[in-house]
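# Structural overview for review
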Amino acid sequence: LASRLKATVTDVIKKLMGLGVMAAQNQVIDFDTASIVAEEMGAKVEKEVVVTIEERLIDDSEDNADELVSRSPVVVVMGHVDHGKTSLLDRIRHASVTATEAGGITQHIGAYTVEADGKQITFLDTPGHEAFTAMRARGAAVTDIVILVVAADDGIMPQTVEAINHAKAANVQIIVAINKIDKPHANPDKVMQELTEYNLVPEQWGGDTICCPVSAVTGEGIDNLLEMVNLVAEVADLKANPNRLAKGTVVEARLDKGRGPVATLLVQNGTLHSGDVIIAGMTVGHVRVMTNDKGAVVNEAGPSTPVEITGLAEVPAAGDIFNAVEDERLARELVEQRKFDQKEEQFKQYQKVTLDNLFSQI
Ligand code: GDP
Ligand code: MG
């Protein structure tokens, strides 16, 4: 401080003493104290605005309303084990595959789009509640609608309640699919009765929870369910801006022997192009090969579109947020910074734990 003020150390220390601060030559003083001293010694003080790499690199600006266009809804299916989540997803997926797309359903990329009434719906095929929770823990708000599957012959079960709680906490719309209505012991009314205990009052009874009786086995009610998804999406008026750098979430990722790290990404805003530099959690790379859910190579992907990409240096984690960025060098710096921060955080946790252990032993 003394050298910046072109003063002697003794002068600065004297001024500090005058302020009641007893400081030695190499002591750290806070900004407010330093600025009082400096101003008293005739200098002008301004606080430097520190811009982090994160802020320089990642465009988090709001979209202008006139740039926004409609986007399709992102849906996840949740419910108790064996209530028919997988069967329902399979049924929806098969129903949407037209004869011209022969073999198009062999591809599994953890997320896919189907068409209903000429409108697109994106389904996330998350392996259970854990992935959903992991995504939420990372701050990723990926879904617009949860289809809650409840078996009509079994009713609300512990994981049903868990799913309701997740959806409510995430502020996501719930549509109830009362499944297995083809079964002789199916009792949809009992399910609706139980739902009211969780503040989900069926529309049929004057509430605002849409309940769709379906059978994943016979296909009954599936069209109606998809219609309801479109209806809820329309009311929600979902929008995104395709004319900006892509941002979204890693749905799943793995290491492929031949192709290296392969990641399924859901683009949530902007448009992702092949060749784009992206940063995903703790890894960075160029989008090398990008394929859609039908396995076709594509060069760009807009909002609500799931794609599989290669080209990342490492395997990101499911739930990581990804951003397309302009400056590759800065992106690499940011990844190093994030890795460093993570190590430091781990070290802090470790220290905390050992201190706790220490106290509990006394
Ligand atoms: P998940 O654990 O929620 O993914 O449930 P699955 O989709 O694996 O289904 C569990 C079992 O219920 C399987 O044996 C399915 O064949 C059966 N199942 C699913 N949906 C229906 C349905 O609508 N009707 C009948 N009768 N069985 C169903
Ligand atoms: Mg399943």
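The coordinates are above.
The following paragraphs examine the structure supplied in this document. (Residues numbered from 1 in each chain as written. Chains lettered and ligands numbered in written order. Predicted model: local features only at pLDDT ≥ 70, side-chain atom pairs only at ≥ 80, totals over all residues. Heavy atoms only, no water.)

## A look at the overall build of the protein
This is how the line gets drawn: Elements are defined by DSSP. Helices are runs of H or I of four residues or more, strands are runs of E of two residues or more, and each kind is numbered from the N terminus. Buried means the residue's accessible area, taken with a 1.4 Å probe over protein chains only, is under 20% of the maximum for its type, while exposed means over 50%, and partly exposed covers the values in between. Using the Shrake-Rupley algorithm and a 1.4 Å probe, accessible areas are obtained, with residue cover drawn only from the displayed protein chains.
Within the protein one finds nine helices and 17 strands. The burial tally for the protein puts 42% of its 362 residues in the buried class. A total of about 19,800 Å² of accessible surface is found on the protein, and carbon and sulfur atoms cover 50% of it.

## Considerations on the packing of aromatic side chains
We count it as follows: Stacked, edge-to-face and tilted are the three classes for Phe, Tyr and Trp ring pairs, Trp counted by its six-membered ring, which pair at centre distances within 6.5 Å; planes under 30 degrees apart are stacked, over 60 edge-to-face, the rest tilted. Look at NZ for Lys and CZ for Arg. If either is within 6 Å of the ring centre and within 35 degrees of the ring normal, a charge sits over the ring.
Throughout the structure, instances matching the rule amount to one aromatic pair. Ring centres of Y112 and F123 lie 6.2 Å apart, and the angle between their planes is 25 degrees; on these two criteria the pair is classed as stacked. With Y112 in strand β3 (residues 111-116) and F123 in strand β4 (residues 119-124), this pair connects stretches of sequence that are eleven residues apart. Looking at F123, the relative accessible area reads 0%, which means it is buried. The ring of F31 has K47 lying over it, and the distance from NZ or CZ to the ring centre is 4.5 Å.

## Considering the site of ligand 1
Basically, it comes down to this: The cutoff for a nearby residue is simple: one of its non-hydrogen atoms must lie within 4 Å of the molecule or strand. Side-chain atoms alone can form a polar contact between residues adjacent in sequence; in general such a contact is a pair of N or O atoms within 3.5 Å, and within protein one must be able to donate a hydrogen while the other accepts it. Side-chain classes are defined by residue name, with Ala, Val, Leu, Ile, Met, Phe, Trp, Tyr, Cys and Pro counting as nonpolar, Asp, Glu, Lys and Arg as charged, and the others, Gly among them, as polar.
Around ligand 1, the structure places 15 residues, and the nearest of them are D82, K85, T86, S87 and D182. In the model, an oxygen atom of ligand 1 is placed 3.4 Å from a nitrogen or oxygen of the H83 main chain. Within the side chain of D182, an N or O atom sits 2.7 Å from a nitrogen atom of ligand 1. Per-element accounting of the shell around ligand 1 gives the leading share, three residues, to helix α4 (residues 85-96). Looking at side-chain class alone, the shell around ligand 1 contains three nonpolar, seven polar and five charged residues.

## A word on the sheet that holds strand β2 (residues 74-79)
By way of backbone hydrogen bonds, the strands of a sheet pair with one another, either parallel or antiparallel. For the record, the criterion: Two strands qualify as a pair provided that DSSP identifies no fewer than 2 bridges between them. Axes here refer to lines fitted to C-alpha atoms; in helices the fit is confined to the stretch in contact. Angles between the N-to-C directions go from 0 to 180 degrees. Only heavy atoms matter for contacts: two residues are in contact if any of them lie within 4.5 Å across the pair.
Reading across from one edge, β3-β4-β2-β5-β6-β7 is the order of the six strands in this open sheet, with mixed pairing throughout. Looking along the sheet, the strands with just one partner apiece sit at the ends: β3 and β7 (210-213). This sheet shows a mean twist of 30 degrees between the axes of neighbouring strands, independent of strand direction. Sheet topology note: the strand β6 (residues 173-179)/β7 ladder contains four bridges and is parallel. When the sheet's bridge partners are listed, I175 is paired in β7 with I210. Here helix α6 (residues 158-169) sits on the sheet in contact with β2, β5 (145-151) and β6, set at roughly 165 degrees to β5. Each of β5, β6 and β7 is contacted by helix α7 (residues 188-196), which is oriented at about 150 degrees to β6, the strand it contacts most.

## Overview of the sheet that holds strand β17 (residues 321-325)
In spatial order, the strands read β13-β12-β17-β9-β10-β16-β14; together these seven strands make up an open sheet with antiparallel pairing. A single partner strand is all that each edge strand has here, and the edge strands are β13 (283-286) and β14 (290-291). Where strand β12 (residues 277-280) meets β13, four bridges bridge the pair, whose relative direction is antiparallel. If you follow A280 over to β13, its bridge partner there is T283.

## Some remarks on the environment of K14
Mapped onto the fold, K14 is located in helix α1 (residues 9-18). Counting along the chain gives 13 residues from K14 to Q27, while the straight-line C-alpha distance between them is 14 Å.

## A word on the environment of A313
The topology assignment puts A313 in the loop between β16 (305-310) and β17. Take A313: its relative accessible area is 54%, and that puts it in the exposed class. C-alpha of A313 to C-alpha of M282: the two residues are 31 residues apart in sequence and 9.6 Å apart in space.

## A short note on the pairing of β4
Looking along a regular strand, one sees side chains alternate from face to face of the sheet. In this structure, β2 lies alongside β4, joined through three bridges in parallel fashion. Residue pairing in the sheet places V74 in a bridge with T122 of β4. Relative to β4, β3 runs antiparallel, the two being bridged by six bridges. When the sheet's bridge partners are listed, Y112 is paired in β4 with F123.

## What about the packing of α1 against helix α2 (residues 31-40)?
Here is the rule: When an angle is under 35 degrees it counts as roughly parallel; over 145 it counts as roughly antiparallel; between 65 and 115 it counts as roughly perpendicular; any other value is oblique. Crossing handedness is defined as follows: a turn of the near helix away from the far one that is anticlockwise and smaller than a right angle gives a left-handed crossing, while the clockwise case is right-handed.
Following both chains from N to C, one finds α1 and α2 inclined at 115 degrees, their axes separated by 10 Å at the closest point. By the angle class used here, α1 and α2 are roughly perpendicular. Crossing hand, α1 versus α2: right-handed. Of the residues in α2, those in contact with V12, K15 and L16 of α1 are T33, V37 and E40.

## Notes on unusual backbone geometry
Notably, D82 is not glycine yet its phi reads approximately 70 degrees, a positive angle. One non-glycine residue, K180, adopts positive backbone phi at about 65 degrees.

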